[in-house]
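# Architecture at a glance
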Amino acid sequence: MSWYRPRNLLATVVVMALVAGGVLVALPYLVSTELIRARLIQEISNWTGYSVESRQSPQIAFFPVFSASLGDITIRNPWQRGGAAFMEAERIEVDLSLLSALMGNIEFTETKIVRPRFVIDEPIKSLSEIGEALAKSDGRIGDVVREARSAVEANPSKPDMSTVSSQPFGRVRLEDARVTFKRPINGVEEQISSISGVFDWPQTSGVASFRGTAIWHDEETEIDSSATKALLLLAGGTSPLQMNLSSTPLTLSFNGSANISKDQFFEGTLSLTSPSLRRTLEWSRMVSIPGAPVGSFALDASVSGSASRMKLDGLTATLNDNPAKGVIEVVLDDGTPSVTGTLAFETLDLRSVFSGFMPLPDSPENSNAVIDTAFLKKLNLDLRLSTQKATLGSVNLAKVAATAQIRNGRAIFDIGEASAFDGSVAASFQLADEGDGATLGELRLNGTDVNSASIASLLSLGDRFELGKGTISLVLKGPISRWSSALANAKGTLSMRFGAGQIRSLDFNSLLGKAKTDRFFSLNEQTNAWLAFDRLEIKANIMDGVAAIDTAQIQNKSGTLNFAGIVTLAGKSLALTGDYAAPIPAPKAAEGTEQPTPAAEPAVNHTRFFIGGSWDNPFISPIISPQN
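## Description of the overall build of the protein chain
Of the regular secondary structure elements, the protein chain holds 10 helices and 33 strands. In the protein chain, of all internal contacts separated by at least 6 residues, the share reaching a separation of at least 24 is 51%. Total accessible area on the protein chain stands at roughly 32,800 Å², and carbon and sulfur atoms take up 55% of it.

## Focus: the sheet that holds strand β27 (residues 530-533)
Strand order in the open sheet made by the 3 strands is β22-β25-β27, with antiparallel pairing throughout. Two strands in the sheet have a free side with no partner beyond their single neighbour: β22 (465-466) and β27.

## Points about the side chain of Ser209
Turning to its location among the elements, Ser209 is positioned in strand β8 (residues 208-216). Of the polar contacts made by the side chain of Ser209, one reaches the side chain of Arg211; its length is 3.3 Å. Leaving out residues up to four positions away in the same chain, Ser209 has contacts with Val198, Phe199, Asp200, Ser225 and Ser226.

## Some words on the pairing of strand β20 (residues 423-435)
The sheet contact formed by strand β19 (residues 410-420) and β20 spans 9 bridges and is antiparallel. Looking at the pairing, Ala420 lines up with Gly423 of β20. Hairpin connection from β19 to β20: 2 residues lie between these consecutive antiparallel strands, with Phe421 at a positive phi of about 55°. As judged from the 11 bridges shared by β20 and strand β21 (residues 438-451), these two strands associate in the antiparallel manner. For Ser424, the partnering residue across the bridge sits in β21 and is Thr448.

## What to know about the confidence of the model for the protein chain
Averaged over the protein chain, the pLDDT score is 81; the fraction of residues at 70 or greater is 80%. Within the model, the stretch residues 18-30 combines pLDDT values under 50 with 6 contacts to residues more than four positions away or in other chains.

## Digging into unusual backbone geometry
One non-glycine residue with positive phi stands out, namely Asp72, at about 55°. Among the secondary structure elements, Asp72 is positioned in strand β3 (residues 67-76).

## Description of the pattern of salt bridges
Scanning all chains against the criterion turns up 20 salt bridges. In this structure, Glu537 and Arg497 form a salt bridge, with 3.0 Å as the shortest nitrogen-oxygen distance. Separated by 40 residues along the polypeptide, Glu537 in strand β28 (residues 535-543) and Arg497 in strand β24 (residues 491-498) bring together distant segments of the chain. Salt bridges here are not isolated pairs; linked through shared partners, they connect Glu90, Arg91, Glu93, Lys112, Arg115 and Glu175.

## A few points about helix α7 (residues 277-284)
For the α-helix, the turn length of 3.6 residues means that residues three or four positions removed from each other point alike. Listed as buried for α7 are Leu277, Thr280, Leu281, Trp283 and Ser284. The buried residues of α7 all sit within an arc of 165° when viewed along its axis, so they share a single face. Contacts made by the buried residues of α7 are with β8, β9 (219-227), β12 (265-274), β13 (297-305) and β14 (309-319). Within two residues after α7, Arg285 carries a phi angle of roughly 60°, on the positive side.

## Describing the packing of aromatic side chains
This model, assessed by the stated rule, comprises 7 aromatic pairs. Ring centres of Phe169 and Phe199 lie 5.9 Å apart, and the angle between their planes is 90°; this geometry places the pair in the edge-to-face category. Pair noted here: Phe169 is in strand β6 (residues 168-182) and Phe199 is in strand β7 (residues 189-203), with a separation of 30 residues, a long-range link. Given the relative accessible area of 27%, Phe199 is considered partly exposed. Seen in terms of ring centroids, Phe199 and Trp201 are 6.4 Å apart; in terms of plane orientation they differ by 70°. Their pairing is edge-to-face. Here the aromatic cluster, defined as three or more aromatic residues joined through ring pairs, consists of Tyr50, Phe86 and Phe118.

Cut-offs applied
- Residues numbered from 1 in each chain as written.
- Predicted model: local features only at pLDDT ≥ 70, side-chain atom pairs only at ≥ 80, totals over all residues.
- Heavy atoms only, no water.
- Helix = DSSP H or I, 4+ residues; strand = E, 2+ residues; numbered from the N terminus.
- Contact = heavy atoms within 4.5 Å.
- Areas by Shrake-Rupley, 256 points an atom, 1.4 Å probe, with all protein chains shown as cover.
- Pairing = 2+ DSSP bridges.
- Polar contact = N/O pair within 3.5 Å; in protein donor to acceptor, adjacent residues only side chain to side chain.
- pLDDT = per-residue confidence, 0-100.
- Salt bridge = Lys/Arg side-chain N within 4 Å of Asp/Glu carboxyl O.
- Buried < 20%, exposed > 50% of the residue type's maximum accessible area, 1.4 Å probe, protein only.
- Arc of directions from axis to C-beta.
- Phe/Tyr/Trp six-rings, centres within 6.5 Å; stacked < 30°, edge-to-face > 60°.

Right under this line is the structure:
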């Protein structure tokens with residue numbers, strides 16, 4: 001056929017090219033920019049329920065796709081009077097259907113919002129308000145939201161969505177968005193910046209999802225979330241919800257359901273991990289704990305609650321490699337976060353837990369830093385802790401029942417009961433904000449049936465004391481601004497009473513002999529001898545870090561050794577006088593003579609001496625009395 005000749009084919013291509021060129025030339029005249037502008041504004045208003053303003057004419061592009069760009073966009077809540085707009089954007093770009101545009105209709109296939117700035121009260125509350133606004137708006141989205149709300153009102157627990165129509169929504173890309181909102185806890189303004197990602201909602205009856213990245217508190221966070229029944233969620237119903245957040249300070253995953261209506265709630269499973277709990281708390285700005293050496297943290301739990309209250313049930317957590325199980329509840333509705341609950345550990349480093357809630361020193365250099373007590377007014381805490389095995393510094397404990405409480409400017413860390421020092425102990429430490437920058441500290445320690453050897457080791461007295469068991473009570477209280485000066489400002493009492501025991505490497509007979517003859521000698525001279533005693537008792541009053549000895553007595557079968565004087569707690573210095581009183585045996589009567597009548601008071605031989613130096617390296621010099 002002649003039609004297929006190359007000359008005819010070439011003519012056909014030329015004609016088609018001329019037609020296409022003509023269409024392209026005529027497109028700007030065939031498609032009304034004012035129509036596009038009006039329909040863009042109308043569609044955005046229909047989808048958001050908010051009023052939309054644009055002070056620029058749209059820019060139309062035909063390559064590589066047919067698109068329109070509308071600049072200087074402002075979106076306001078129509079019922080809001082004054083204040084910041086809900087959103088201001090540099091421009092909105094939409095991909096359009098060319099065929100629909102030629103027929104006078106505007107259909108979006110994809111929307112990109114460039115550098116929008118959102119101002120909201122808080123994310124969940126504002127999402128709920130958008131649902132309210134959509135239900136009052138005209139257009140397709142308003143229709144389907146009202147239909148869905150009717151279904152929810154008819155049966156809140158199981159709404160029938162089969163009668164609700166479905167409308168296409170499409171895809172929205174955010175480029176460099178910023179959200180400013182106020183925290184529900186304390187009203188402090190927060191900002192999430194550099195939000196870039198894709199919100200995808202093909203049909204209103206289907207799944208809506210957002211995937212992207214954002215920067216919050218200088219940390220980039222990856223976000224992957226989806227709502228299976230997004231329309232039901234906007235209409236005040238409950239929808240399955242999945243959310244994953246991943247950042248350097250925290251990785252979080254939630255899988256469950258949520259409701260954002262007036263009676264908002266959520267429930268599901270929560271999983272999170274953090275390389276440092278302290279770093280996560282600082283990043284979230286919930287509470288700041290300077291210098292607290294808290295390590296890694298992981299948590300898995302069933303979670304339920306609302307925006308102001310959350311309960312973690314069936315919780316399994318790991319803090320610094322210490323696994324625990326229990327229940328935790330967090331309340332945020334009174335301006336200060338409140339945390340209550342119980343945790344049961346297998347093993348526990350008590351110092352790492354307590355340092356999670358107050359700034360304990362982790363080195364001699366840090367001990368001289370000023371204690372930051374701001375956390376006392378930023379957090380309410382009531383945690384009940386139990387563990388079979390625990391450590392507190394160099395002290396090993398077992399069967400521990402403890403509490404950590406912070407409330408009204410006061411922190412209390414209490415060990416109500418524990419096995420330690422081969423006996424049982426109870427201890428508490430309090431830190432209280434007295435106002436005007438003053439802070440008061442208080443330490444209490446009570447031990448029952450404890451081993452004197454263990455107590456001596458704790459007091460840096462070495463391994464000389466053995467076998468003796470008894471009781472100990474220590475109370476220290478005073479102003480505290482630095483850990484390094486805490487003992488120097490302390491006031492209180494010390495009481496110790498122990499039964500039979502021995503002091504190793506102490507030749508007592510040699511000591512008594514030197515106390516009468518030598519001018520100066522060390523008590524740390526090595527010897528295989530030891531001093532056995534039947535009873536040891538010490539009572540002292542402590543004032544400004546100095547212990548004034550009221551009673552210090554060691555009794556054995558040969559006599560009684562008494563001490564008096566002072567001991568500095570911080571410097572470990574000694575200034576004591578010692579007196580060893582040994583009864584003088586009554587003389588035996590000669591054979592065949594009458595036994596002498598015993599004296600009313602048996603004669604006593606006194607050996608007096610002075611003890612100086614430090615309690616871990618004492619020195620002794622004799623006190624020569626006139627009768628000697």
